[in-house]
Amino acid sequence: SRPITIAPSILASDFSRLGQEVCDVIDAGADWVHLDVMDGHFVPNITFGPDVVKSLRPHTDAVFDCHLMIAPCDPYIEAFAKAGCDIITVHAEAGPHLHRSLQAIRSMGKKAGVSLNPATPEEVIEYVLDELDLVLVMSVNPGFGGQKLIPAVLEKARRINDMIGDRPIDLEIDGGITKDNAGDAAKVGINALVAGSAVFKGGNIDAYRTNIAAIREA
Ligand code: DX5
Ligand code: ZN
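Because the structure is a prediction, the values reported are computed rather than measured.

A word on helix α8 (residues 205-217). Between its terminal C-alpha atoms α8 stretches 18 Å, which fits the 18 Å expected from 13 residues at 1.5 Å a residue. Taken together, the buried positions of α8 are occupied by Tyr-208, Asn-211, Ile-212 and Ile-215. Summarising the axial view, the buried residues of α8 lie within an arc of 95 degrees, below the 170-degree limit, and thus occupy one face. Among the exposed residues of α8, those pointing more than 90 degrees away from its buried face are Asp-206 and Glu-217. Residues of α8 that are buried sit in contact with β1 (5-8), α1 (18-27), α6 (182-187), β8 (192-195) and α7 (197-200).

Okay, structure coming up:
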């Protein structure tokens, strides 16, 4: 099975020290950096755009796992690709042309992901499975960190894992992941765990190391 990947969401970090936070969390044992991009339109919150990603890029070689919570997304794919994202994930609900968005991401040489909100059924990925490198199952309604995982999405993740079969597609979960539910997520086939508050609580690199180890252990 695929190796477990831990992707801290910098949404829960100190934005005034973002470069250092990214370095610290990777030094503390994280695998990817999860970048939550919000537009105040697709989701009721605003974070940052491609220029922030670009300024973080020289700080680490770690995979930048970029979660675009923006609509429309197509006009911004090129900018995020050029800013140094390695994985670009768009929402299935963000527009009518998911297949086109995924093709656009791959045409920039990046890995293409699709994210599903908690109410979105797994069928939306059925005809794009061969255009995908990652499926991101939202376990909270996107927009804010620090929410509680919605248990019903674990059954959806299990079904998506069956749909993926032996394709080389990562299955990621995002929202409310802690050391107490990371094991349940892994049990249904999830291999990539996003965690914001559970990683950044404590506010320093020693705390991050302890927090990441606890999630990995679970
Ligand atoms: C939610 C974001 C998540 C979130 C995770 O809209 O996509 O990445 O920040 O944060 P926690 O782990 O605190 O739920
Ligand atoms: Zn996210």
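So, on to the nonpolar core. Counting residues in each nonpolar core, the largest one holds 66 residues, and the members touching the most others are Cys-66, Ile-88 and Leu-193. Looking at this core element by element, the count peaks at five residues for strand β2 (residues 32-38). When sequence neighbours within four positions are dropped, the list of residues in contact with Leu-193 reads Ile-6, Ala-7, Ile-173, Ile-177, Ala-182, Ala-185 and Ile-215.

Looking now at the UniProt feature "active site" (unreviewed entry) in the chain. Annotation from UniProt places "active site" (unreviewed entry) at Asp-36 and Asp-174. Maximum C-alpha separation among the annotated residues is 10.4 Å over a sequence range of 139 residues, consistent with a single clustered spot. Mapped onto the secondary structure, Asp-36 falls in strand β2. Exposure remark for Asp-36: the 24 C-beta atoms within 10 Å place this residue in the buried category. Setting aside anything within four residues of it in sequence, one finds Asp-36 in contact with Ser-9, Leu-11, Thr-47, His-67 and Met-69. Relative to the assigned elements, Asp-174 resides in strand β7 (residues 170-174).

Under the present numbering, the feature "binding site: substrate" (unreviewed entry) in UniProt falls on Ser-9, His-67, Gly-143, Phe-144, Gly-145, Gly-146, Asp-174, Gly-175, Gly-176, Gly-196 and Ser-197. Considering the arrangement of structural elements, one finds Gly-143 in the loop between β6 (134-138) and α5 (152-164). The exposure class of Gly-143 is partly exposed, given the 17 C-beta atoms found within 10 Å. With residues near it in sequence (within four places) discarded, Gly-143 still touches Met-38, Val-43, Pro-44 and Asn-45. Since 26 C-beta atoms lie within 10 Å of it, Asp-174 is described here as buried. Beyond its immediate stretch of four places on either side in the chain, Asp-174 contacts His-67, Leu-136, Met-138, Ser-139 and Val-194.

What counts, and at which threshold
Residues numbered from 1 in each chain as written. Chains lettered and ligands numbered in written order. Predicted model: local features only at pLDDT ≥ 70, side-chain atom pairs only at ≥ 80, totals over all residues. Helix = DSSP H or I, 4+ residues; strand = E, 2+ residues; numbered from the N terminus. Expected span 1.5 Å × (residues − 1). Buried ≥ 20, exposed ≤ 12 C-beta atoms within 10 Å, placed from the backbone. Arc of directions from axis to C-beta. Contact = placed C-beta atoms within 7 Å. Core = buried A, V, L, I, M, F, W, Y, C linked by C-beta atoms within 7 Å. UniProt positions renumbered as here; feature names shortened; annotations may be inferred.

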